[in-house]
Amino acid sequence: RSEIDRKSKHLKVLDLRLSDAGTYTCEYDSYVVSISLHVFQLTISLDGRFLTNEVPELTLMQRSSHSLPDLTITVFDSNKNTVRSTPSENTTRQKYILKLKQLEATDSGTWMCHIHSDSPLINQNIPFDVKVLGFQNPNLERKYVTVDSTVILSWLLNFQKIKWKEDFTGQLNWKQQESATAHELLDFSITAREEQHETKKSSHFWFEIPGTKPEGIIEVELPKVHFNHSGQYKCELAYKGRYVQSRIDLVVMKVSASQAGPLRRGAEMTLTCQVSGPLSPNAHLLWERVNGTQMDIKESKQHEVKVKVSAAGLWNCHLIEDNDRKISLHYPVEEAPVWNSYVAIGASIGGSVLTLGLACLCIISSIRWQRRRQQRKRMAQARQYLLENKTCQCQR
C-alpha cells in the first residue's frame, strides 16, 4: 500500500488506516529525518443512509505515536450551519462518539467535521455524506374539503432528489378514528433503478389512483367525498426494517336544514353546519347571513353549530383557524311564493272545515240513529201491549 517517488523521494501511503499511525524515518547517508503521522478515522452510523427523524451517530478515532491531544470537534450540515452534537458517555481521547440532531428530509448532502487542537496544532476538515430518505410533506398535514367535492391526497418522496440507489417499500392506510381499525388502501415499492410500482389493495373502497403523476409521488383521489370519508390517511415507507410515516387528516364539512324545500311565511327552520371530528383549540365554526347584520352571526368552538332562520337569504358557514378561513359552504334559504302560502292556509282551513263537517255529520247521524232506535223500541212495546189486551178479552 505504499510507494516511493524516485525523483522527490516522497513516500505515498495508499488506503490509509489507523494502524499506519506512527513515526516514519528517512535516512540518507548521515542525514536522518523523522515525521510523525497522526491518523484520524471518521465513521457515521448506518453508512450515512437514514430515514427522517432518525439521529445519526458520528465516531471519530485518532491514533498517534505521541500522546493524543484533546480535540475540539464541530459539525456542519450541508447548508454550512453548525449542528449541535452531544458527546456519548463512552467518549475518550482515542474515540469520540457524538450524537447529532434529528434528521429532516432536507438534510441530505455533504456534511463537514472540523477537528481542532492547539497542541499539536491541528485544523482538519473531514467531509462525509448524509442521505435522508423520507417525505417532503409535513409530519402532520390537515386538508379541509366539503361533501361531494373531489380531493387528491398526495405524498412526495425525495428518493430521486438524493439519488437513493436501494430498494424500499411502503403502504398507505386509512382509518376514520384514532382507535378504529386501519384499512390498507395500497402498497408501493421503489427499485434501485428508481422504478415505482403501486398496487391497489381495497377494491371496495371509494378512491382512485391517478394515472399520470410525477415519479416519487404517492397519490390517491377521492372523486366524491362523503362525510364518513374523513379521518387519518397514513403513508408509511419501510427500509431495512425501519419505518417512517407521514399523515394527512381529512376534515369534511356538510350543511343541512331541518326541513326540505322553501320556507313558508311565518315559519322557521334550523340550519346545521358540521365538520367531522373535534376542532383544534385555535379553530371555530361560524354561520353568517350574506348582507346580514351582527345579529345573524353564530359561532361555536364545537364541531357543530346551528342557527334558526325565519326569513329567506343566503347563509354561509366558515371553518376559521387562526383567523384564516380554511373552508366555506353556503346554504340558500328560499321563501315559498305567496300563492303557496295561500294554498297552504286554504288547505289548512279547508281541512279544518272538512273535519268539522265530518264531525257534525257523525253527530247528526248518531242522533238520528238514536231516535230511530227509540222509535222501534216504543213500537215494540205498543205491539206487546196490544197483544196482551187481546189475550185477556178472549179468555173472558
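If you check an unreviewed UniProt entry, the protein appears there as CD4 protein from Probosciger aterrimus.

A. Representation of the domain arrangement of the protein. Domain boundaries assigned for the protein yield domain 1 (2-133), domain 2 (141-252) and domain 3 (258-333). On a C-alpha basis, the centres of domain 1 and domain 3 stand 65 Å from each other.

B. Molecular detail of a nonpolar patch on the surface. Among the surface-exposed residues, Ile4, Leu11, Tyr24, Val33 and Ile35 lie close enough to one another that they form a single nonpolar patch of about 470 Å² accessible area. When you line up the elements, Ile35 lands in strand S4 (residues 31-37).

C. Molecular detail of the sheet that holds strand S6 (residues 49-51). Strand order in the open sheet made by the five strands is S6-S13-S12-S8-S9, with mixed pairing throughout. Pairing within the sheet leaves two strands with one partner each, and these edge strands are S6 and strand S9 (82-83).

D. Fine view of the environment of Glu304. Mapped onto the fold, Glu304 is located in strand S25 (residues 304-309). Through-space distance from the C-alpha of Glu304 to that of Leu286 is 9.6 Å; in sequence the pair is 18 residues apart.

E. Here's a closer look at the environment of Met112. Structurally, the position occupied by Met112 is in strand S12 (residues 109-117). Met112 sits 32 residues away from Lys80 along the chain, and the two C-alpha atoms are 8.0 Å apart. Excluding anything up to four places from it in sequence, Met112 contacts Thr74, Val75, Phe76, Asn125, Ile126, Pro127 and Phe128.

F. Representation of the UniProt feature "domain: Ig-like" (unreviewed entry) in the protein. The UniProt record marks residues 266-328 with the feature "domain: Ig-like" (unreviewed entry), using the residue numbering of this structure. In residues 266-328, the share of helix is 0% and the share of strand is 59%. The end C-alpha atoms are 29 Å apart.

G. Main features of the confidence of the model for the protein. Scored by pLDDT, the protein comes out at a mean of 88, with 92% of its residues at no less than 70. Taken element by element, the predicted model of the protein shows its lowest mean pLDDT in helix H1 (residues 338-395) (66) and its highest in S6 (97).

H. The arrangement of the side chain of Thr270 in detail. Counting through the fold element by element, Thr270 comes out in strand S22 (residues 269-275). The buried category is assigned to Thr270, whose relative accessible area is 19%. Excluding its chain neighbours within four sequence positions, the residues that come into contact with Thr270 are Ser256, Ala257, Ser258, Lys306, Val307 and Lys308.

I. Quick look at the state of the cysteines. Counting across every chain of the model gives one disulfide. Two residues share a disulfide in this structure: Cys273 and Cys317, whose sulfurs sit 2.0 Å from each other. One quick way to see it: the torsion about the S-S bond of Cys273 and Cys317 is about -85°, and its sign makes the bridge left-handed. Taken together, the residues Cys273 in strand S22 and Cys317 in strand S26 (residues 313-321) connect sequence positions 44 residues apart. In this pair, the class of Cys273 matches that of Cys317, namely buried.

J. Expanded view of the pairing of S26. Across the nine residues that make up S26, a large majority, seven, are buried. Sheet topology places S26 next to strand S27 (residues 324-333); nine bridges connect them, and they run antiparallel. Note that in S27 the partner of Trp315 across the bridge is Tyr331. Turn length for the S26-S27 hairpin, with the two strands adjacent in sequence and antiparallel, is two residues, and the turn residue Asp322 shows positive phi of about 55°.

K. Geometry of the side chain of Ser230. Relative to the assigned elements, Ser230 resides in the loop between strand S19 (217-222) and strand S20 (231-239). At 3.2 Å, the side chain of Ser230 and the backbone oxygen of Phe227 are in polar contact. Engagement of the side chain of Ser230 in a polar contact is seen with the side chain of Ser276, the distance being 3.3 Å. Here Ser230 is in contact with Trp174, Gln176, Leu250, Val252 and Ser276, once residues within four sequence places are set aside.

L. Quick peek at the pattern of salt bridges. A full pass over the atoms with the stated rule returns 12 salt bridges. For the salt bridge of Lys240 with Glu166, the shortest nitrogen-to-oxygen distance reads 3.4 Å. In this pair, Lys240 sits in the loop between S20 and strand S21 (242-257) while Glu166 sits in the loop between strand S15 (151-156) and strand S16 (168-175), placing the two residues 74 residues apart along the sequence. Since its relative accessible area comes to 61%, Lys240 is described here as exposed. Overall, Glu166 belongs to the partly exposed group, its relative accessible area being 21%. Between Glu208 and Lys200 there is a salt bridge, and its shortest N-O distance comes to 4.0 Å. Residue classification places Glu208 among the partly exposed positions, given a relative accessible area of 45%.

M. Seen up close, a positive patch on the surface. A cluster of basic residues, Arg368, Arg371, Arg372, Arg373, Arg376 and Lys377, forms a positive patch at the surface. Position of Lys377 relative to the elements: it lies in helix H1.

N. Representation of the sheet that holds S27 within the structure. If you trace the four strands from one edge of the open sheet to the other, you get S24-S23-S26-S27, paired in antiparallel fashion. Where the open sheet ends on each side, the last strands, each with one partner, are strand S24 (298-300) and S27. Mean inter-strand twist for the sheet, computed between neighbouring axes without regard to direction, equals 15°.

Criteria and thresholds
- Residues numbered from 1 in each chain as written.
- Predicted model: local features only at pLDDT ≥ 70, side-chain atom pairs only at ≥ 80, totals over all residues.
- Heavy atoms only, no water.
- Domains from an automatic or database assignment.
- Patch = residues over 30% accessible without salt bridge, like charges linked within 9 Å, V, L, I, M, F, W, Y side chains within 5 Å.
- Areas by Shrake-Rupley, 256 points an atom, 1.4 Å probe, with all protein chains shown as cover.
- Salt bridge = Lys/Arg side-chain N within 4 Å of Asp/Glu carboxyl O.
- Helix = DSSP H or I, 4+ residues; strand = E, 2+ residues; numbered from the N terminus.
- Pairing = 2+ DSSP bridges.
- Contact = heavy atoms within 4.5 Å.
- UniProt positions renumbered as here; feature names shortened; annotations may be inferred.
- pLDDT = per-residue confidence, 0-100.
- Buried < 20%, exposed > 50% of the residue type's maximum accessible area, 1.4 Å probe, protein only.
- Disulfide = S-S within 2.5 Å.
- Polar contact = N/O pair within 3.5 Å; in protein donor to acceptor, adjacent residues only side chain to side chain.
- Lys, Arg positive; Asp, Glu negative; His and termini not counted.
- Charge placed at Lys NZ, Arg CZ, Asp CG, Glu CD.
- Axes fitted to C-alpha atoms, helices over the stretch in contact; angles between N-to-C directions.

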